[in-house]
Amino acid sequence: MKEPDFAERVYWLVTQIPYGQVATYGQIATYAGSPRAARAVGTLLRHSLENYGELPWQRVLNAQGRISFKGDLGRAELQRALLEAEGISFHQGQCDLRRVRWAPREVFWDVD
DNA sequence: TTAGTGACTGCAT
DNA sequence: CATGCAGCCACTA
């Protein structure tokens, strides 16, 4: 049985984020075993639509509870709309992570 | 194989 | 509070 690679761990973890809750890129990277790979998580999710259309990618935000984008405003608006539809509210462009942050009860993968 | 890029992050200015 | 910047790491050309 092959050990799941980083990308597989990331995609699986994102599917574990409960409806109405969110996780940060750093959280996903940490749970996937690479605490410093937050940026890599973003890289993977950027292509998630084409590779994993089922993924609830909208539930992943940056460490400040904000939607991360440099361009592509359309997708940012879609993400916010999807989250608000789940009951997550935004104030000044950011949501209250203390309230909606996903706090898994189990350990998935240890840091390498 | 090397170099460049980016849906990140924490610390320093 | 706003930038800047180096560290990180997977992906692509």
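Above this text you will find the structure in question.
Residues numbered from 1 in each chain as written. Chains lettered and ligands numbered in written order. Predicted model: local features only at pLDDT ≥ 70, side-chain atom pairs only at ≥ 80, totals over all residues. Heavy atoms only, no water.

Peer 1: Explain the overall build of chain A residue by residue, including any values.
Peer 2: On a plain count of helices and strands, chain A comes out with six helices and two strands. Going from N to C terminus, chain A has its helices and strands arranged as α-β-α-α-α-β-α-α. Put simply, of all contacts in chain A between residues at least 6 apart along the chain, 68% involve residues at least 24 apart. As presented, chain A carries roughly 7100 Å² of accessible surface, and 50% of it is formed by carbon and sulfur atoms. (Helix = DSSP H or I, 4+ residues; strand = E, 2+ residues; numbered from the N terminus. Contact = heavy atoms within 4.5 Å. Areas by Shrake-Rupley, 256 points an atom, 1.4 Å probe, with all protein chains shown as cover.)

Peer 1: Lay out the protein's contact with DNA strand C in plain terms, naming residues and giving numbers.
Peer 2: In the vicinity of DNA strand C, the contacting residues are Phe-6, Ala-7, Arg-36, Ala-37, Arg-39, Ala-40, Thr-43 and Leu-44. By atom count, sugar and phosphate contribute 86% of the portion of DNA strand C lying within 4 Å of the protein. The backbone of Arg-36 places a nitrogen or oxygen atom 3.5 Å from a sugar or linking oxygen of DNA strand C. A distance of 2.7 Å is found between a base oxygen of DNA strand C and a side-chain nitrogen or oxygen belonging to Arg-39. Sorting the residues of the surface near DNA strand C by element identifies α1 (6-15) and α3 (38-46) as the ones contributing at least two each. Take the surface near DNA strand C: its biggest share by element is four residues, from α3. Across the surface near DNA strand C, the residue classes break down as five nonpolar, one polar and two charged. (Near = heavy atom within 4 Å. Polar contact = N/O pair within 3.5 Å; in protein donor to acceptor, adjacent residues only side chain to side chain. Nonpolar A, V, L, I, M, F, W, Y, C, P; charged D, E, K, R; others polar.)

Peer 1: So what's going on with the pattern of salt bridges? Which residues, and what values?
Peer 2: Applying the stated criterion to the full structure yields three salt bridges. Across the salt bridge formed by Glu-86 and Arg-59, the nearest N and O atoms sit 3.0 Å from each other. Pair noted here: Glu-86 is in the loop between α5 (73-85) and α6 (97-100) and Arg-59 is in the loop between α4 (48-51) and β2 (60-61), with a separation of 27 residues, a long-range link. Taking relative accessible area as the criterion, Arg-59 reaches 11% and is therefore assigned buried. (Salt bridge = Lys/Arg side-chain N within 4 Å of Asp/Glu carboxyl O. Buried < 20%, exposed > 50% of the residue type's maximum accessible area, 1.4 Å probe, protein only.)

Peer 1: Please set out the environment of Val-60 residue by residue, giving values where relevant.
Peer 2: Note on placement: Val-60 falls in strand β2. Sequence separation between Val-60 and Arg-101 is 41 residues; the distance between their C-alpha atoms is 9.8 Å.

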